[in-house]
Amino acid sequence: MSVLLEAIKLNHDGAAATSDALNIRRNKTTPINVPEWVRGVSTTPEDAPAAYGIAETKGNTLTIQARFSTNEKKLMKKGVQVRAVDPSSNPGGDPGCSGGCSGFLKWLGWLIQLLVGNVLGDVKARWVSFDSSGWTAFETFQLQHVRLWDVGVGIHTTSWRWQYREKQNDPWTDFATSDHRIYVLLEVPKAPWQQSPHTSANTQLPWTDVLDRACVWAFGATTRDQAAEKVTRNVYGLGPSIVEYDCPNGGSSWYSSGSFSCTAFLDRLAGGPGLGRYVNCSDCATIVSTFANAVGCDLWQSRMGYWFDLNELLAIGSSVWQTACGWGGFSYHEVAWKDGCTANDPVWDACLQVDGDADPTTAPHTPLLPTNIRFGTPGSMDYLDRLVTPATRAACQPQPGTTRQRRMVA
Amino acid sequence: MTVDAFAKRHGFDQWSEPKRGEAALFIWRFALGGQELPGHDAVRIETELRPDARASASLWSPERKDNVLVRVDVIEAPSVPAARVELLRVLADFQSPQISRLDGGPGDVAFGPGGYRAVAFARANLVVVVRNAGDEVEPVETPARELDQLLREGPAPERSSVRPAIRRAAAEVADREARLLVDAEDPLGRHLWFRFSAKSGQFLEQDDSIVFRPESDGKQAIEVAAINENLGVAREQVEFTI
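About the criteria used
- Numbering of residues begins from 1 in every chain and follows the order in which that chain's sequence is written.
- Naming scheme: in the order in which they are written, chains are lettered from A and ligands are numbered from 1.
- For this predicted model, a pLDDT threshold of at least 70 governs which residues receive local features, and a threshold of 80 or more governs which side-chain atom pairs are given and counted, while totals over whole chains, interfaces and linings are taken from all residues.
- Side-chain metrics rest on all non-hydrogen atoms present in the structure, leaving aside hydrogens and water.
- Numbering of helices and strands runs from the N terminus, with a helix taken as a DSSP run of H or I at least four residues long and a strand as a DSSP run of E at least two residues long.
- When a residue's accessible area, from a 1.4 Å probe over protein chains only, is under 20% of the maximum for its type it is buried; when over 50% it is exposed; and in between it is partly exposed.
- Note on contacts: a residue pair is in contact if any heavy atoms of the two residues lie within 4.5 Å.
- Residue exposure ignores everything except the shown protein chains as possible cover, and the areas themselves are Shrake-Rupley values with a 1.4 Å probe.
- DSSP calls a pair of strands paired once it identifies at least 2 bridges connecting them.
- Note on definitions: angles span 0 to 180 degrees between N-to-C directions of axes, and those axes are lines fitted to C-alpha atoms, for helices only across the stretch in contact.
- Paired rings are identified among Phe, Tyr and Trp, the last through its six-membered ring, by centres lying within 6.5 Å, and are further divided according to the angle between planes into stacked (under 30 degrees), edge-to-face (over 60) and tilted (the rest).
- In our convention, an over-ring charge means Lys NZ or Arg CZ found within 6 Å of a ring centre and within 35 degrees of that ring's normal.
- Computed with a 1.4 Å rolling probe, the buried area is the accessible surface lost when two parts are put together, summed over both parts.
- Any Lys or Arg side-chain nitrogen found within 4 Å of a carboxyl oxygen on Asp or Glu counts as a salt bridge.
- Whenever a nitrogen or oxygen atom comes within 3.5 Å of another N or O atom, the pair is scored as a polar contact, on the condition that within protein one atom can donate a hydrogen and the other can accept it, and that pairs from neighbouring residues in sequence are kept only if both atoms are in side chains.
- Here the nonpolar group is Ala, Val, Leu, Ile, Met, Phe, Trp, Tyr, Cys and Pro; Asp, Glu, Lys and Arg are the charged ones; every other residue, Gly included, is treated as polar.
- A residue's pLDDT is simply how confident the predictor is in it, with values from 0 to 100.
- Using protein atoms alone on a 1 Å grid, points that fit a 1.4 Å probe yet trap it form a cavity, whereas open point sets bounded by protein on both sides within 12 Å along at least five of seven lines form a pocket; residues with an atom within 4 Å of a point count as lining.
- Grid points are joined across faces, edges and corners, and a volume is the space filled by probe spheres set on the points.
- Domain start and stop positions are those given by an automatic or database domain assignment.
- We call a set of buried residues a nonpolar core when its members are Ala, Val, Leu, Ile, Met, Phe, Trp, Tyr or Cys and they connect through side-chain atoms within 4.5 Å of each other.

1. Overview of the overall build of chain A
Now for step 1: Along its length, chain A carries nine helices and 19 strands.
Now for step 2: Dimensions along the principal axes, computed over C-alpha positions, put chain A at roughly 85 × 50 × 35 Å.
Now for step 3: Counting every position in chain A, which comprises 410 residues, the buried fraction comes to 57%.
Now for step 4: Within chain A, residue pairs in contact and separated by at least 24 positions form 75% of the contacts whose partners lie at least 6 positions apart.
Now for step 5: In the structure as shown, chain A presents an accessible area of about 15300 Å², 52% of it carried by carbon and sulfur atoms.

Listed below in structure tokens is the structure:
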């Protein structure tokens, strides 16, 4: 091989995420090293992950950095022009359509490309020069034909076929391929997720183990509210097979006492024991806000209370309309909440479904998963009226002053 | 947080401090090793260092009961009063309005939803929560009391033949209190936790060491126990005068 692709940095500027990838790690214990792609080490797209925020990068020229080597004296002296193309839109061999693809197949190919294809486009050609030992520096390349901003939240595989040529009019020669797992987020993740310090010790950098779930749950969302709704519906849908409301133990917190036991929750999602099958409202609020914020939402965990009676509801994992395990009421309740977490702000509640019809205090019930519903005031027929009995609505007040938070991930 | 609302509800002012004259006990650097619940196998043990406490969460599977899982959480506070505040925080995470104090329960003070489906108790500077985590629900009173007994009395001497060695146990007296100087080692290099006990007085963790404040001046005696994850135990008596 005349030229070797040695390494690629997609997140080459840890201080910004406006023209390159943002700072991420795999999970609590495993950081992601930059360069993400290294020759001989990275064999699957998952080996070379990167995440981009749509809002921060939109309209900007995205860049990557790559490094090459050669053992040919001639190339060391003159340098080469390098580019990388999307194999699916620049097929090297017979793409299977040499006889002419039908319109349907072309449309199908376009759709597949849109849904899972190369969102980073192509790597624009540029000349690189080698030092006396045959290595280039990490050279910055611009990306072109980027489709990142058109697809919404999702996970995509970007494959590049790397090519070089010695002279401007020479034909291109393939010399390497690289595959990357690209997470497309609405915005840079919000707290508890952090972007700095960008160190291996910072466990609050966004985890790809969380993005693997959150991006699927919020797939295709193009706004924060859409993403939050999709995440809420998916979390509620984890019942009863994965989780169930904690009736046996009094509705205690299982994954959100102190920090968010995210590692254990991911284990539960993957079929392991986690820290048990039960959840309460604080767990659900923490899961929704943490996973939604990972794709760019801006939710909080906040409580309402205290000691109020409930209308009949459908707790997560239950198919029985009842007043939360038959207790009659809650001492407190916690939801994922927007902005100031006040009566005027909307809530997302994956812990329970309320009665969505004109009279939430009596059967028959119309299940309504509270997503983007204003908390409201007594009589406003918002979230409060649907959850709490008329007589105790005054006892159920938003408590942002003492409870609004975003639990750290652990 | 929401502890103020729960303090009134649960009568916190009645149990926020240990009673004067009670035996003093302090558990330091506690860690579950998998042997603490007789008849149970540890499925998962997670330790978390919080800014103000050391906490662990664990799942245990009783032998011959496939559908039963027991969750045990232990929070280590730097003093007995701090543990009582931690217990209140734990109670503030129960959504059920039917959580009440359990008379005669494990620990110095205990709460639960009734029927021992779950119990949260404070023993010395530790808060312990024992709950049902599996499909099948059973009373958790027995594992809760067994764990409490281990904390209260320490392991039986014959529990393990491989015991830690206490290389130094001494007290440095100054200003009507004693800083305890303890150096111990496990022969297999495993983590050790410590149990300090006295007839009365107060222990607290300060600057990564243990301080003892006696209830009255005079001759003091403290038992120091170093315990490894197999519950092998070494004990030493430290005597001094304040």
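That shown, we press on.
2. Quick look at the sheet that holds strand β14 (residues 329-338) of chain A
Residue and element names in this part refer to chain A.
Now for step 1: The strand order β18-β15-β14-β12-β19 describes an open sheet built from five strands, whose pairing is antiparallel. The sheet terminates laterally at β18 (371-374) and β19 (397-398), the two strands that pair on one side only.
Now for step 2: Pairing geometry for strand β15 (residues 346-348) and β18, over three bridges, is antiparallel. Paired with Pro346 across the two strands is Arg374, which belongs to β18.
Now for step 3: On top of the sheet, helix α7 (residues 281-294) reaches β12 (299-309), β14 and β15; it is set at about 5° to β14, its chief contact.

3. A few points about the sheet that holds strand β11 (residues 192-198) of chain B
All names here are of chain B.
Now for step 1: Pairing within the open sheet is antiparallel, and its four strands lie in the order β1-β11-β14-β15. Edge positions in the sheet fall to β1 (24-28) and β15 (233-241), since each has one partner strand and no second. Strand-to-strand twist in this sheet, taken as the mean axis angle between neighbours without regard to direction, amounts to 20°.
Now for step 2: With nine bridges connecting them, strand β14 (residues 219-228) and β15 associate as antiparallel partners. The partner of Ala225 across the bridge, within β15, is Arg235.

4. Quick notes on the packing of aromatic side chains
Residues and elements named next belong to chain A.
Now for step 1: Tallied over the entire structure, the rule returns 32 aromatic pairs over all chains.
Now for step 2: With 6.2 Å between their ring centres and 45° between their planes, Phe260 and Phe265 make a pair best called tilted.
Now for step 3: Of the residues examined, Phe260 reaches a relative accessible area of 0% and is grouped as buried.
Now for step 4: When the ring centre of Trp300 is taken as reference, the NZ or CZ atom of Arg406 above it lies at 3.7 Å.

5. A short note on the interface of chain A and chain B
Now for step 1: Of the residues lining the interface, 36 residues belong to chain A; the matching set on chain B comes to 31 residues.
Now for step 2: Where chain A abuts chain B, roughly 2900 Å² becomes buried across the two surfaces, and 51% of that area is made up of carbon and sulfur atoms.
Now for step 3: Summed over the three residues of chain A that lose the most area to chain B, namely Asn249, Leu275 and Trp307 of chain A, the buried surface amounts to 23% of that side.
Now for step 4: For the pair chain A and chain B, the number of links is three salt bridges.
Now for step 5: Measuring nitrogen to oxygen at the nearest pair gives 2.8 Å for the salt bridge that ties Asp267 of chain A to Arg44 of chain B.
Now for step 6: Counting every contact that joins chain A to chain B gives 27 residue pairs in polar contact (both at pLDDT 80 or more).
Now for step 7: Where the side of chain A that touches chain B is concerned, the elements lending two or more residues are α6 (262-269), β12, β14 and α9 (400-403) of chain A.
Now for step 8: Among the elements that line the side of chain A that touches chain B, the one with the most residues is β14 of chain A, at five residues.
Now for step 9: Per-class residue counts for the side of chain A that touches chain B are 14 nonpolar, 19 polar and three charged.

6. Details of the confidence of the model for chain A
Now for step 1: Residue-level pLDDT values for chain A average 94, and 94% of them are 70 or greater.
Now for step 2: Overall, residues 93-99 of chain A carries pLDDT values under 50, and its contacts beyond four positions in sequence, including any with other chains, amount to zero contacts.

7. Brief notes about the layout of surface pockets
Gaps left between atoms show up when a probe the size of a water molecule is rolled over them.
Now for step 1: Empty space within the largest pocket amounts to approximately 590 Å³.
Now for step 2: Taken together, 28 residues line the largest pocket, and the ones lying closest to its centre are Ser257, Gly258 and Ser259 of chain A together with Glu48 and Arg50 of chain B.
Now for step 3: At the level of elements, β2 (40-49) and α2 (80-91) of chain B are the ones that each hand at least two residues to the lining of the largest pocket.
Now for step 4: Taken as a whole, the second largest pocket encloses approximately 460 Å³ of empty space.
Now for step 5: Around the second largest pocket, the lining is made up of 25 residues, and of these Pro18, Glu22, Ala23, Ala24 and Gly201 of chain B lie nearest the centre.
Now for step 6: Elements that contribute at least two residues to the lining of the second largest pocket include exactly β1, α2, β11 and β12 (202-206) of chain B.
Now for step 7: Across the lining of the second largest pocket, the residue classes tally to 10 nonpolar, four polar and 11 charged.
Now for step 8: Each of domain 1 (3-20 + 32-153) and domain 2 (158-241) of chain B gives at least three residues to the lining of the second largest pocket.

8. Points about the nonpolar core
Now for step 1: Phe265, Phe291, Val295, Met304, Phe375, Tyr383 and Leu387 of chain A are the most contacted members of the largest nonpolar core, which has 112 residues in total.
Now for step 2: In terms of residue count, the dominant contributor to this core is α7 of chain A (seven residues).

9. Describing the side chain of Ser289 of chain A
Residue and element names in this part refer to chain A.
Now for step 1: Mapping Ser289 onto the fold places it in helix α7.
Now for step 2: At 2.9 Å, the side chain of Ser289 and the side chain of Gln301 are in polar contact.
Now for step 3: Excluding residues within four positions of it along the chain, Ser289 makes contact with Leu299, Trp300, Gln301 and Ala336.

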